[in-house]
Amino acid sequence: MDIITVGLDERSYPIYIGQGLLTDGSLLKKHIGGTSAMVVSNEVVAPLYLSAVEPALHGLRHDAIILPDGEQFKNIETLNTIYTGLLGARFDRGTTLVALGGGVVGDMTGYAAASYLRGVNFIQIPTTLLAQVDSSVGGKTGINHPLGKNMIGAFYQPECVLIDTDTLDTLDDRQLSAGIAEIIKYGLIRDAEFFEWLEANMDKLLARDPQALVFAIRRSCENKAAVVAADEYERSGQRALLNLGHTFGHAIETGLGYGEWLHGEAVACGMVMAAQLSERMDWLQHADVARLSELIKRARLPVVPPASISGERFHELMSIDKKVMDGQLRLILLKAIGKAVMTAEYDPAALHAILDTRTAA
Ligand code: NAD
Ligand code: GLY
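Residues numbered from 1 in each chain as written. Chains lettered and ligands numbered in written order. Predicted model: local features only at pLDDT ≥ 70, side-chain atom pairs only at ≥ 80, totals over all residues. Heavy atoms only, no water.

Visitor: Teacher, can you tell me more about the overall build of the chain here?
Guide: Scanning the chain for helices and strands turns up 14 helices and eleven strands. Here the C-alpha radius of gyration of the chain, 20 Å, is about what a compact globule of 361 residues would show, namely 21 Å. Principal-axis analysis of the C-alpha atoms gives the chain an extent of 60 × 40 × 35 Å. A burial count over the chain gives 57% of its 361 residues as buried. In the chain, the share of contacts with a sequence separation of at least 24, taken over all contacts with a separation of at least 6, comes to 76%. Approximately 14,300 Å² of the chain is accessible, and the part contributed by carbon and sulfur atoms is 50%. Averaging the locations of the 32 positively and 44 negatively charged side chains of the chain gives two centres separated by 3 Å. (Helix = DSSP H or I, 4+ residues; strand = E, 2+ residues; numbered from the N terminus. Rg over C-alpha atoms; globule rule 2.2 N^0.38 Å. Buried < 20%, exposed > 50% of the residue type's maximum accessible area, 1.4 Å probe, protein only. Contact = heavy atoms within 4.5 Å. Areas by Shrake-Rupley, 256 points an atom, 1.4 Å probe, with all protein chains shown as cover. Lys, Arg positive; Asp, Glu negative; His and termini not counted. Charge placed at Lys NZ, Arg CZ, Asp CG, Glu CD.)

See below:
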């Protein structure tokens, strides 16, 4: 088992990565402080893994809330069903919420934990590759609004992140690729050596080679933990770099309707668009844009935005973004593979040209 620490002083916590961590149960037990636990999962994940988690909860008062599955349910109504389940069963401040599922379950459970009784403990058990390499780490929690993705939420850190790589066995190939999008992101924004490793090992990742998967998960979590420790609340600009491709991607997700493209697919395409804009700014060589576009294609991810979203609509959707400051949209662009910047200093005409383009790099 690997252990990575997210270093946040008294709120520091471990990320455990290994096989069989769910059936072992001792780690989960160790991090539940109080006398009760509520597992929050969904109708796809619960039948697969709830029974593996439950033995660790014996001796505690415990129950489970099963949410509907899908990004389209990451909303205030579903959040309310978590509150209703907790209040109805009189779960008090000694309760730990256990998020068992992908990023949708993790983000919503984290936000429920941040707000229920003004804050209870929670634990992340991410079961998708995307959640294991990104969403379960760092304490961004929240829900979508019809007008914008992840627009309601809180920074709220878990007690631990428990990554059992065995859970990936039941994940389909499309979801695996969506997770690889966020893995590629770390290479692009701050880890050129990892990007090269991904170029050399993409086929192994797609074939689910266990060693390659564990390496990619560990390296991604190390990168994320370092960024979160340096800029937990996204104040210095460092954490915002984790949003490479996300402003474009969130516009795709909101524009098509939540759940149509997977989050990782939208981010992958958004990273290509950010790279194309970086090239138009003369910051990135065409050869690098082609290189990253090629890697994303090899990961079976899209590189061209949907034709149904016009350039104008794209622009409108992108104007609702958490990185808008004083009315000015800031974007994450690339200066090189392994070096990202947040900037409002892009040429608006170049951005419009990218939003109108529907051809690959
Ligand atoms: P998801 O949670 O919808 O999971 C994808 C699908 O896989 C779902 O149908 C789910 O039920 C199913 N599933 C989960 N685990 C499974 C398993 N082991 N076997 C079989 N099926 C399984 O999507 P996701 O890609 O995990 O997460 C996307 C969400 O994460 C988005 O809402 C995004 O905004 C959010 N996100 C948050 C952060 C953050 O920092 N908080 C970072 C990145 C993404
Ligand atoms: N996924 C972006 C962040 O955690 O900041």
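Text resumes after the structure shown.
Visitor: Would you mind going over the site of ligand 2 with me for this structure?
Guide: Around ligand 2, the surrounding shell consists of Asp134, Lys140, Lys224, Arg239 and Leu242. Measuring from an oxygen atom of ligand 2, one finds a side-chain N or O atom of Lys140 at 2.8 Å. When ligand 2 is considered free in solution it has 200 Å² of accessible area, and contact with the protein chains removes 90% of it. (Near = heavy atom within 4 Å. Polar contact = N/O pair within 3.5 Å; in protein donor to acceptor, adjacent residues only side chain to side chain.)

Visitor: What exactly am I supposed to notice about the packing of helix 4 (residues 76-88) against helix 5 (residues 103-115) here?
Guide: A pair of packed helices is characterised by two quantities: the angle between their axes and the separation of those axes. Between helix 4 and helix 5, the least distance of the axes is 10 Å, while the angle of their chain directions is 55 degrees. In terms of their interaxial angle, helix 4 and helix 5 are classed as oblique. Crossing of helix 4 over helix 5 shows right-handed handedness. Seen from helix 4, the contacting residues are Thr78, Leu79, Ile82 and Tyr83; seen from helix 5, they are Met108, Thr109, Tyr111, Ala112 and Ser115. When its residues are assigned to classes, the contact of helix 4 with helix 5 shows six nonpolar, three polar and no charged. (Axes fitted to C-alpha atoms, helices over the stretch in contact; angles between N-to-C directions. Parallel < 35°, antiparallel > 145°, perpendicular 65-115°, else oblique. Left-handed = near helix turned anticlockwise from the far one by under 90°. Nonpolar A, V, L, I, M, F, W, Y, C, P; charged D, E, K, R; others polar.)

Visitor: What is the right way to look at the site of ligand 1 in this model?
Guide: By nearness alone, 27 residues border ligand 1, and Asp69, Glu71, Thr127, Thr128 and Thr170 come closest of all. Measuring from a nitrogen atom of ligand 1, one finds a backbone N or O atom of Lys140 at 2.8 Å. Against a free-state accessible area of 870 Å², the protein chains account for coverage of 91% of ligand 1. Here the shell around ligand 1 is composed, by residue class, of seven nonpolar, eleven polar and nine charged.

Visitor: Sorry, what's going on with the pattern of salt bridges here?
Guide: It is possible for side chains of opposite charge to pair when their charged atoms get near one another. A complete count under the given rule lists 17 salt bridges for this structure. The residue Asp191 makes a salt bridge to Arg219 at a minimum N-O spacing of 2.8 Å. Here Asp191 is found in the loop between helix 7 (173-190) and helix 8 (192-206), whereas its partner Arg219 is found in helix 9 (residues 210-230), with 28 residues between them in sequence. Residue classification places Arg219 among the buried positions, given a relative accessible area of 19%. (Salt bridge = Lys/Arg side-chain N within 4 Å of Asp/Glu carboxyl O.)

Visitor: How should the layout of surface pockets be read in this particular structure?
Guide: One water molecule sets the probe size; rolling that probe over the atoms shows where empty space is left. Here the second largest pocket is characterised by a volume of approximately 210 Å³. A breakdown of the residues in the lining of the second largest pocket according to their chemical character gives five nonpolar, three polar and four charged. (1 Å grid on protein atoms, 1.4 Å probe; cavity = no way out; pocket = protein on both sides within 12 Å on 5 of 7 lines; lining within 4 Å. Points joined across faces, edges and corners; volume = space filled by probe spheres on them.)

Visitor: What is the right way to look at unusual backbone geometry in this model?
Guide: Peptide bonds are trans in most cases, and residues, glycine excluded, mostly fall at negative phi. The phi angle at Asp9 is positive, at roughly 50 degrees, despite the residue not being glycine. Residue placement: Asp9 occurs in the loop between strand 1 (2-6) and strand 2 (13-18). Here Asp9 falls in the exposed class, since its relative accessible area comes to 70%. One non-glycine residue, Glu234, lies in the positive phi region at around 55 degrees. Residue position: Glu234 is located in the loop between helix 9 and helix 10 (246-256). Classification of Glu234 by relative accessible area gives partly exposed; the value is 23%.

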